[in-house]
Structures are given as C-alpha cells and as structure tokens.
Amino acid sequence: MHVYPQFLGSYGHGGNALVLAQRCRWRGVTCDIHEVTIGEVIPAEADIYYLAGGDTVGVKAVAQALQQQQGLQQAAARGAVVFGVGSGCQLLGERLSLPRGDTFAGIGLLDLTSEPAVRRRFGPVIGEPLLPIEAPLLGFEDHQMTLQLGAEATAIAKLRHGAGNGSAQGTEGIWRSNVFGTSLRGPVLALNPSFADLLLERVLGPLDPLPLLAVDRLRERFLSALPRSIGSRAKR
Amino acid sequence: MCRFQAVLALDRGVKTLAFALGGVGIRLPRRLLVRLACHGLAAWLMPASLALAARGRTVVLVSGTNGKTTTTALLTRALGGTVATNAGNHNFYCGLLDALLRSNAPMAVLEVDELWLPEVLRWLVPELLVILNLHEDAWLRTPDPQYVLDRWKTLNLGAGTALLAWADDPALVSLLSNRPVQWLTQQENDAKGQTTLQACPACGEILRRSGWHWSCRCDLRHPVHRLGPQATWQLSPCGTTLHPPTGRRPEVAVNPGLSGRINRRNAAFALAGAMLLGRDPEPVQHQLQTLAQLPLRDQVYRLAGRDVRLLLGKNPSAWIANLDRLGTGGPVMLLQQQSTATLDLSWLYDIPVETLAGRQVGICGAHALDLAVWLTYAGVDFIAAADPRALVGQMAPGELLCVSDLLGAYLIEALAN
C-alpha cells in the first residue's frame, strides 16, 4: 500500500514500492501496488505499507490526513510491515518539526522525533547494518533534519560514512518490530536488495536469494567511487 | 598576458596586505588568498559590469526550472533582427555578460539560472520577465522547489517590468499573486500536471483540483478563478491555439517548428512575450516555424552513419515532457553521462519508464549501470554498449531517438562532429 504518493513520492522514492513489487513477482508471488490518496480511507488489510519522502510543502497536508486515519496503526499492530523514507519516516515518529517552525504530531509507530538541523547534509552514506542483513547499507542523503531515536528504537545501520540521523551515535535510520524508516535515497531498496528482501521476508517468510548482476555492479561502483579508505573498509 | 600581469599584481597586493595584517600570508597558502581575492574582485566587478553592458537596451529575461534555453531561443527568433542572447546553458553572470558584450543589439533576450535570478534582478531591469515553471530538479543545488521559491521571495521587480508567468503552477501563483502578472495557462485535464504541487505553498493545505483548475481554502487560487478567463493568456489543451486576454487579438495559432507538446507551451510563451513587446503575431508565428532544431536540446545528429534525434532529459519533468515525443514503436537510446555531485540518480525513478516496455531500448554512458538497474526493476528489456556509436550500430532500423542528460548531449555533439 503506497500511502499518499501524490504528496509523498518525489526524489525517486516511489521506486522503493516498485522494487518490492518486482522482487515478489520475480519469485512468482503475486503483488499489486495499491495507492491511497488523501481523502480516502487507508485500508488495514495490506501486507506492506510504504510512505515515501516528499517536499516540505506536502508534509503538513499528509501529517494532518494521517492523524485522521487508523488503518496504518491497526495494520502495524497486527504485524504488517510499515516502511517510511525521508519525511515518510519522520511522520511515523512521535513529532516532526520543519525548518520554517511548523511542528506536527506523527502517528507514533516509532520512538522518534525529528528536528531541523543547522546544516543541510548530502552525499553518499555507507552503514554497517544493525538489521539482520549482511551487505553494507548504501544510499544517498540529502536533508536538513536530525532524527532523535528514543529508548525503544534501534537504528538500522551504524555509519561508516555520512551524517545519517545526525545524532552523536553516528547511526542511520530506525526500526522497531516490523516498522522501518530511513532517510536514504537511491532509491534505498534498489541499491540494497537485501534490505528489500528483509521487508518481504517479514511477510512471506524466508526467501531464496535473487541475484541481479546490474545491482551488484552498481554497488561495487558506488563503493569504488568513494575515497579508497572508506570504500574498501565498507566492502569487508 | 594582460590577465597574467593582473594576477601577478594581485598576488603582490595580497601578499603585502597579508603581511600588513600580521602575517596571515605565512599561515595561509598564498595561492588560496589569490584565488579568494580574484573571486572577490570578479564578484564585485561583474554585477556592475552587467548593469553597464545592459544600459540603454531592452532586456528580456527568461527563467524557470525547465524550458529556459528553448523559450529563449524561440523568443529570440520571434523578435527577429539582431538580438543579443545567451541561449545554451550560459545562464550565470559570465554568460549574461558575455552575451551583452558580444553584441551591440538594442535588444537582449537572456536566460537566467533560477537560483541566480534574484541576484541578476538587482542589476538588470528587464522590460519583460518570463517565468516558466518551478519543478523538482535533478541537481543538488535545488533540492526542493521550495528552496527556489524561498529565494525568489526577494525578487527585485521594478514597476517597469512586465511579468509573464505560468498560471498552472501554484508555487508561482503563490509567489506572484500580489503583483500584476500576465498569466499564461493551458487547459490540460490530464495527469501531466502532477509535476506541480499538490499542497498549497502558502498554507500547506491540500489543493482542491477540478480538471485544470485548482484552489485552496486560504484563498490562493488559479488566476483564471481570480481574474476571469478573459484576463489571461489561454493555450488550448492541444497547444495549437493561444487566446490572448481581451483587448488583444481573438486568437493566434501556435505552430512552432519544434515538435512536442512542451515545445508548443514554450512557443506560446515566446508568442505571448513577443506580443507583449509590441510585435505583430503574424511574422512571429512565421519566425517560430523556422526554428526546427535546437542544439543539445532537440537536434538530429549524424552518428555512426545514422541520424539520431537527441532529446534532452536532464530531470524528471524534462524526461516526462519527452515521453510524448518518443512515440510508441521505434528504437530508443538512453544516455546518462552525468550524475549530481554525489552520484545520486534517484530521480530516474520518478519517470514512468514502463511505457518503453516492448520496444528496443539501448543504454550507454558513464552511468549506464544506473539506467540498467532502473530499467530492470521497471521491467523494460534493454541492450547496453560502452560507446554511443557502438550502440547506434546495434539499434533496429527506423527513426532513432536518444534521450540524454546534458553531458551526454555534449558527448553526442562531439562524436557527431
């Protein structure tokens, strides 16, 4: 279920839904992407919910709309996978403040508060996963937010390179149970197929590997384009 | 030689100054100081030079995320005669200054980078400012349309400047709603409008959309709602007819030499701009028909013995605008040579490339791997080659179209030459 793609769906984040769907289909699992827009009821029956990132103008509208919905919260309570990227991730937390001073309540699925950072952060990110996946987490960041994780949340990766959540812990993203969030672009699931499969396994159970040569080579190029000391450390 | 001597003199001056300030020059590399000084001098000299070079001329500026170069070329052609212009990405200070210094023409049509527009407007007083759109861009420097919008809030527009702007973009309407603007609108009802904002840029509420109309609870609304249809320039849905506001001619045919729906819109801007500058539409229409190709944007190049029509696709909006040019059946080449500074090509996934499924797609360029992963997930089969010439040799017969980023376009141009 792609939640509010008209408002949360720029910067290539919409590609994450495509990646999840295709990795299902290639394994012979029927998968449809349903979109729900503001004004419609978010159904509670989907397997995976995805909230992408969007521009700052749309966040207010989405925050207000989510407050009037229960489908996402009900689905999370029964164990459905919820995945948020960028502002989609921030809206899954307790509170979100924007650089212009607006503050919105999140839907509280993650122990997370998001505040504007002093500086915009952009560039490649490499993280040692704290999720049960083996390959390093790769992606790009471009935001001006600091994500403060509460006691009940865990980051998805320990940073080797990049600013990530912007906190002193040097981490990226957040997860708790079946709810995951990150600020990474790429799209992050296209660059990190093991992360995509982790989300799918929470619904489908263990999956066989699905090698994609182009993705492997793109990841190699990602690491080789970085300064040697960072890239080679991350490959190990 | 003169420049070299100037740098040496500057070097000596910086050195003297550094030592006079207590030995800063010992701690900082002198080259760095020279560079800083040169940049400072250029930054100090250039705006004043720009104002000086433009003095006594009629200046028209064109800005926006997409279509600046094309519209500038069309408007230049529409005005006829000798016009100073900088079309072709030279849209920063240097490019503007260069265009003004190269020609003594009494009229100048200049495209301006959208981030530089506020600064340029501090020094130039255009007779007409054309603002085309504000879209998500693929560049790091414009992370969000809001970022540009925030900068444009300080636009220094004098009373003598006529404004021609796109009415279907809520961000532009929000920005310019308290100014007298000649609004241009196209009565499109399809989903192409999704590249504009869905939420109100003034208050953040959801915009109410009905067909091509939009409005918000905070009173921001499409200019046609506010001013009435007779007060706006209306381009017909198919882009073939421009209805000027009441008091001008009843309607004007839009039939530019450049094909594609987006070029009809660009041509409508050029036509309206020329009419606002007092030109008669008939010769303008004829002039617009004579521009059938535009280097690096929409041009046929001879590559490896075949004609390849290059279409520039430098960001999602430009790419989507090209989709209707690609037709349905023939082979298509995709060339991605350039990335942003962080190698991030996420924006590719904002393009509904599934429409290419079932036809021959070839990819090449330094970032062909990004294209390969993107097409793989989109379910589009492709062939790949390291070099555009090699790829051309593998493509099926028929009209060959190539969608490329800007650096790729330069590569095609260089290979064709």
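Treat the numbers as computed from the prediction; the structure is a model and nothing was measured.

*Asks:* I'd love a proper account of the overall build of chain B, names of residues and values included.
*Replies:* Helices and strands together make up the secondary structure of chain B, namely 15 helices and 17 strands. The proportion of buried residues among the 417 residues of chain B is 56%. Looking at chain B alone, contacts between residues at least 24 apart form 65% of all its contacts between residues at least 6 apart.

*Asks:* Tell me about the sheet that holds strand S17 (residues 400-404) of chain B, and please be specific about residues and values.
*Replies:* A sheet is described by the order of its strands in space; here 6 strands give the open sequence S12-S13-S17-S14-S15-S16 (chain B), paired in mixed fashion. Sheet topology places strand S12 (298-303) and strand S16 (383-384) of chain B at the edges, where each strand pairs with a single neighbour.

*Asks:* Provide a residue-level description of the pairing of strand S1 (residues 58-63) of chain B, including the pertinent values.
*Replies:* All names here are of chain B. Burial analysis of S1 places 5 of its 6 residues in the buried class, the great majority of the element. Note that S1 and strand S3 (residues 107-111) share 5 bridges and pair parallel. When the sheet's bridge partners are listed, Thr 58 is paired in S3 with Met 107.

*Asks:* Describe the domain arrangement of chain B, and please don't skip the residues or the numbers.
*Replies:* Splitting chain B by domain gives domain 1 (2-35), domain 2 (48-289) and domain 3 (298-415). Using only C-alpha atoms to locate each centre, domain 2 of chain B and domain 3 of chain B end up separated by 28 Å.

*Asks:* Before we move on, could you go through the interface of chain A and chain B and cite the residues and values that matter?
*Replies:* Contacts between the two partners involve 40 residues from chain A and, on the opposite side, 35 residues from chain B. The contact between chain A and chain B buries some 3,200 Å² in all, and 62% of this surface belongs to carbon and sulfur atoms. For the salt bridge of Arg 185 of chain A with Asp 344 of chain B, the shortest nitrogen-to-oxygen distance reads 4.0 Å. Summed over the shared surface of chain A and chain B, the number is 8 residue pairs in polar contact (both at pLDDT 80 or more).

*Asks:* Residues and numbers for unusual backbone geometry, please.
*Replies:* Residue Pro 187 of chain A follows Gly 186 of chain A across a cis peptide bond; omega there is -10 degrees. In this fold, Pro 187 of chain A is placed in the loop between strand S12 (179-182) and helix H5 (188-191). In this model, Asp 219 of chain B sits at a positive phi of 90 degrees, which is unusual for a non-glycine residue. Mapped onto the elements of the fold, Asp 219 of chain B is located in the loop between strand S8 (213-215) and helix H9 (223-227). Judged by its relative accessible area of 53%, Asp 219 of chain B falls in the exposed class.

*Asks:* So what's going on with helix H12 (residues 316-323) of chain B? Residues and values would help.
*Replies:* Residue and element names in this part refer to chain B. Taken across its 8 residues, H12 has 8 buried, putting it largely inside the fold. The set of residues buried in H12 consists of Pro 316, Ser 317, Ala 318, Trp 319, Ile 320, Ala 321, Asn 322 and Leu 323. As for H12, its buried residues are in contact with helix H10 (261-276), strand S13 (306-312), strand S14 (332-335), helix H13 (368-378) and S17.

*Asks:* Please provide a residue-by-residue account of the packing of helix H1 (residues 15-25) of chain A against H13 of chain B, values included.
*Replies:* The N-to-C vectors of H1 of chain A and H13 of chain B enclose an angle of 60 degrees; their axes lie 9 Å apart at closest approach. Considering the angle they form, H1 of chain A stands oblique to H13 of chain B. Of the residues in H13 of chain B, those in contact with Leu 18, Val 19, Gln 22 and Arg 23 of chain A of H1 of chain A are Thr 376, Tyr 377 and Ala 378 of chain B. Its residues placed into classes, the contact of H1 of chain A with H13 of chain B shows 4 nonpolar, 2 polar and 1 charged.

*Asks:* Give me the lowdown on the packing of aromatic side chains, citing residues and values where you can.
*Replies:* Here the structure, examined in full by the defined rule, presents 10 aromatic pairs over all chains. Between Tyr 50 of chain A and Phe 83 of chain A the ring centres are 5.6 Å apart and the planes differ by 20 degrees, which places this aromatic pair in the stacked class. Placement of Tyr 50 of chain A in strand S3 (residues 48-51) and of Phe 83 of chain A in strand S4 (residues 81-85) is noted, with a sequence separation of 33 residues between them. With a relative accessible area of 2%, Tyr 50 of chain A lands in the buried category. The class of Phe 83 of chain A is buried, set by a relative accessible area of 0%. With centroids separated by 5.8 Å and ring planes inclined at 85 degrees, the aromatic side chains of Trp 319 of chain B and Trp 374 of chain B adopt a geometry described as edge-to-face.

*Asks:* Which residues make up the nonpolar core, and what are the values?
*Replies:* If you look at the biggest cluster of nonpolar residues, it comprises 188 residues, and the most contacted ones within it are Phe 195 of chain A together with Leu 334 of chain B. The dominant element in this core, judged by the number of residues it contributes, is H13 of chain B, at 9 residues. Composition of this core by domain shows at least three residues from each of domain 2 (48-289) and domain 3 (298-415) of chain B. With residues near it in sequence (within four places) discarded, Leu 334 of chain B still touches Trp 319, Leu 356, Val 361, Gly 362, Ile 363, Cys 364, Leu 371, Trp 374, Leu 375 and Val 403 of chain B. Listed in part, the 18 residues of the second largest apolar core include Leu 303, Val 308, Val 392 and Leu 406 of chain B.

*Asks:* Report on the packing of helix H4 (residues 68-79) of chain B against helix H11 (residues 281-289) of chain B, specifying residues and quantitative values.
*Replies:* Residues and elements named next belong to chain B. One can describe the packing of H4 onto H11 by two numbers: an axis separation of 8 Å at closest approach and a directional angle of 130 degrees. As far as their axial angle goes, H11 and H4 are oblique. Note that H4 runs across H11; the crossing there is right-handed. Where H4 approaches H11, its residues Leu 74, Arg 77 and Ala 78 are matched on the opposing element by Val 284, Gln 287 and Leu 288. For the contact of H4 with H11, a count of residues per class yields 4 nonpolar, 1 polar and 1 charged.

*Asks:* Run through the pattern of salt bridges, naming residues and quoting values.
*Replies:* Inspection of every chain in the model, using the stated rule, returns 19 salt bridges over all chains. With its nearest N and O atoms 2.7 Å apart, the salt bridge here joins Glu 115 of chain A to Arg 95 of chain A. You can see Glu 115 of chain A sitting in strand S7 (residues 112-129) and its partner Arg 95 of chain A sitting in strand S5 (residues 95-97), a full 20 residues away along the chain. Arg 95 of chain A sits in the partly exposed class, given a relative accessible area of 34%. Salt bridges sharing partners connect three or more residues here, namely Arg 120, Asp 142 and Arg 185 of chain A together with Asp 344 of chain B.

*Asks:* Account for the sheet that holds strand S4 (residues 128-131) of chain B, with residues named and values stated.
*Replies:* Residues and elements named next belong to chain B. Read across the open sheet, the 9 strands follow the order S2-S3-S1-S4-S5-S6-S9-S10-S11; overall the sheet is mixed. The open sheet has two free edges, formed respectively by strand S2 (83-85) and strand S11 (252-253), since each of these has just one partner strand. Contacting S2 and S3, helix H5 (residues 93-102) crosses the sheet at an angle of about 160 degrees to S3.

*Asks:* Outline helix H2 (residues 56-67) of chain A, listing residues and values.
*Replies:* For H2 of chain A, spanning 12 residues, the distance from its first C-alpha to its last is 18 Å, which sits close to the expected 16 Å at 1.5 Å a residue. Listed in full, the buried residues belonging to H2 of chain A are Val 57, Gly 58, Val 59, Ala 61, Val 62, Ala 63, Ala 65 and Leu 66 of chain A.

Analysis parameters
Residues numbered from 1 in each chain as written. Chains lettered and ligands numbered in written order. Predicted model: local features only at pLDDT ≥ 70, side-chain atom pairs only at ≥ 80, totals over all residues. Heavy atoms only, no water. Helix = DSSP H or I, 4+ residues; strand = E, 2+ residues; numbered from the N terminus. Buried < 20%, exposed > 50% of the residue type's maximum accessible area, 1.4 Å probe, protein only. Contact = heavy atoms within 4.5 Å. Pairing = 2+ DSSP bridges. Domains from an automatic or database assignment. Buried area = accessible area lost by both parts, 1.4 Å probe. Salt bridge = Lys/Arg side-chain N within 4 Å of Asp/Glu carboxyl O. Polar contact = N/O pair within 3.5 Å; in protein donor to acceptor, adjacent residues only side chain to side chain. Axes fitted to C-alpha atoms, helices over the stretch in contact; angles between N-to-C directions. Parallel < 35°, antiparallel > 145°, perpendicular 65-115°, else oblique. Nonpolar A, V, L, I, M, F, W, Y, C, P; charged D, E, K, R; others polar. Phe/Tyr/Trp six-rings, centres within 6.5 Å; stacked < 30°, edge-to-face > 60°. Core = buried A, V, L, I, M, F, W, Y, C linked by side-chain atoms within 4.5 Å. Left-handed = near helix turned anticlockwise from the far one by under 90°. Expected span 1.5 Å × (residues − 1).

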